[in-house]
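Each chain, letter by letter, is given below.
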Amino acid sequence: MTPVRASYGERLQQVVGERGPLCVGIDPHPGVLAAWGLADDVAGLEACARGMVEALGAEVAVFKPQSAFYEAHGSAGVAVLERVLADIAAAGALSLLDVKRGDIGSTMDAYARAYLADGAPLAADAVTLSPYLGFGSLDGAVDLAARHGRGVYVLALTSNPEGPQLQHARTADDRLVGQLVVDEAAARNPGPGLGHVGVVAGATIGRTGVDFSALNGSILAPGIGAQGGTAADLAEVFGAAAPLVLPTTSREVMGAGPDPEALRDAARSTLAAMRAVLSVG
């Protein structure tokens, strides 16, 4: 009989408690490969991505590979992504695959099976999803994630300058669209314990008035480091919900490579700043 996997919320709390609140992106875009002295090809992609896990796998709680940089190399790049996900699992960290998928009906169900079903080659511990075909269109993925002890992070308030055009629009009941996304996520985390439905909210968005207090789920906060976000920004943006925040950085750490010890120093420095503000771990 296959043992039942703990919920995503339980697993996330455990690994963050052991290693600290930090998610490191593995985004091997051409500029990073060049800085590492690697060619922009499948061999360079693999050396960079798997080198990140080899250097940091015993220390970082969560890794976030950005699927697009692997897909850009075709089937061979996707095969590298499969190996990276396996490396992350073997290191005892959690994988959060950044795919930002969002669709309807059988198509969304197929995406869910690809990334959230046990035995799927690209199965990750969690994925990012886009709710802009309606939050309910994601329910198949939300339900499948729960059944398999995995998680989802739904885009709510992103840090790109185009985001407010949609995310700060007002609904019929005068909520920001971003608030609506947070509220819908909260409704799918009835508790007790940390739920499996989180949201994405950028560390650089400033004060938006969005209330995260009812979420009871993880908040993925990109933008730390090269995008200008700091640990202090987390306190301003999230306030009392700061203990739910999982800060994520990519270039700030990857830019220190390829030397493994330099990568570890960069990750440790970033983590120390996060601990001081978030009071976690």
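Residues numbered from 1 in each chain as written. Predicted model: local features only at pLDDT ≥ 70, side-chain atom pairs only at ≥ 80, totals over all residues. Heavy atoms only, no water.

Naming follows an unreviewed UniProt entry, where the protein appears as Orotidine-5'-phosphate decarboxylase of Microlunatus capsulatus. Under the Sequence similarities (unreviewed entry) heading, UniProt states for the protein: "Belongs to the OMP decarboxylase family. Type 2 subfamily." According to UniProt, the comment filed for the protein under the heading Pathway (unreviewed entry) is "Pyrimidine metabolism; UMP biosynthesis via de novo pathway; UMP from orotate: step 2/2." (UniProt positions renumbered as here; feature names shortened; annotations may be inferred.)

**Considering helix H10 (residues 231-238)**
An α-helical turn contains 3.6 residues, so any two residues separated by three or four positions project in the same direction. Those residues of H10 that fall on the buried side of the exposure criterion are Ala231, Leu234, Val237 and Phe238. Viewed along the axis of H10, the buried residues span an arc of 115°, placing them on a single side of the element. Against strand E6 (197-201), strand E7 (219-221), strand E8 (245-249) and helix H12 (260-278) lie the buried residues of H10. With its phi angle positive at about 55°, Gly239 sits one or two positions after the end of H10. (Buried < 20%, exposed > 50% of the residue type's maximum accessible area, 1.4 Å probe, protein only. Helix = DSSP H or I, 4+ residues; strand = E, 2+ residues; numbered from the N terminus. Arc of directions from axis to C-beta. Contact = heavy atoms within 4.5 Å.)

**A few points about the nonpolar core**
General note: in soluble globular proteins, nonpolar side chains tend to be found buried as a group. Leu56 and Phe212 are the most contacted members of the largest nonpolar core, which has 72 residues in total. For Phe212, the contacting residues outside a window of four places in its chain are Leu157, Val182, Val199, Ala201, Ile219, Val237, Phe238, Ala241 and Leu244. Grouped together as the second largest cluster of nonpolar side chains are 16 residues, Val15, Leu94, Val200 and Leu220 included. (Core = buried A, V, L, I, M, F, W, Y, C linked by side-chain atoms within 4.5 Å.)

**Side note on the environment of Leu138**
Mapped onto the elements of the fold, Leu138 is located in the loop between strand E4 (126-129) and helix H7 (139-147). Residue Leu138 is classed as buried on the basis of its relative accessible area of 0%. Separated by 34 residues in sequence, Leu138 and Ile104 have C-alpha atoms that sit 7.5 Å apart. Ignoring any residue separated from it by four or fewer positions in sequence, one finds Leu138 in contact with Arg101, Gly102, Met108, Leu129, Ser130, Pro131 and Val154.

**So, the pattern of salt bridges**
Taken as a whole and assessed by the stated rule, the structure comprises 17 salt bridges. The salt bridge partner of Arg5 is Asp118, with a shortest N-O separation of 3.1 Å. Taken together, the residues Arg5 in the segment before helix H1 (8-19) and Asp118 in the loop between helix H6 (105-116) and E4 connect sequence positions 113 residues apart. Using a relative accessible area of 34% as the deciding quantity, one classes Arg5 as partly exposed. The shortest N-O distance in the salt bridge between Asp265 and Arg268 comes to 3.8 Å. (Salt bridge = Lys/Arg side-chain N within 4 Å of Asp/Glu carboxyl O.)

**Some details on the packing of aromatic side chains**
Scanning the model with the defined rule gives two aromatic pairs in all. Seen in terms of ring centroids, Tyr8 and Tyr153 are 6.1 Å apart; in terms of plane orientation they differ by 90°. Their pairing is edge-to-face. Here Tyr8 is found in helix H1, whereas its partner Tyr153 is found in strand E5 (residues 151-157), with 145 residues between them in sequence. Classification of Tyr8 as buried rests on a relative accessible area of 3%. (Phe/Tyr/Trp six-rings, centres within 6.5 Å; stacked < 30°, edge-to-face > 60°.)

**A closer look at the pairing of E5**
Where burial is concerned, most of E5 is hidden: seven out of the seven residues are buried. Inspection of the sheet shows E4 paired to E5 by four bridges, in the parallel sense. What sits directly across from Ala126, in E5, is Gly151. Viewed along the sheet, the connection from E4 through H7 into E5 turns out right-handed. As paired elements, E5 and E6 share five bridges and run parallel to each other. Its bridge partner being in E6, Val152 is matched across the sheet by Val197. (Pairing = 2+ DSSP bridges. Right-handed = clockwise from strand over helix to strand, strands pointing away.)

**Things to note about the packing of H10 against H12**
Relative to each other, H10 and H12 sit at 35°, their axes nearing to 8 Å. Considering only the axes of H10 and H12, their crossing is right-handed. Touching Ala231, Ala232, Leu234 and Ala235 of H10 are Ala273, Met274, Val277 and Leu278, all from H12. Per-class residue counts for the contact of H10 with H12 are eight nonpolar, no polar and no charged. (Axes fitted to C-alpha atoms, helices over the stretch in contact; angles between N-to-C directions. Left-handed = near helix turned anticlockwise from the far one by under 90°. Nonpolar A, V, L, I, M, F, W, Y, C, P; charged D, E, K, R; others polar.)

**What about unusual backbone geometry?**
The linkage connecting Gly191 with the following residue, Pro192, adopts the cis geometry, with an omega of 0°. With respect to the helices, strands and loops of the structure, Pro192 is situated in the loop between helix H9 (177-187) and E6. Even without being a glycine, Asp174 presents a positive backbone phi close to 70°. With respect to the element layout, Asp174 can be found in the loop between helix H8 (164-167) and H9. One non-glycine residue, Asn216, lies in the positive phi region at around 55°. Along the chain, the position of Asn216 falls in the loop between E6 and E7.

**Quick look at the pairing of strand E3 (residues 94-101)**
Buried residues dominate E3, accounting for seven of its eight residues. Sheet analysis places strand E2 (residues 62-65) next to E3, joined by two bridges and oriented parallel. The partner of Phe63 across the bridge, within E3, is Ser95. Each parallel crossover has a hand, and the one from E3 via H6 to E4 is right-handed.

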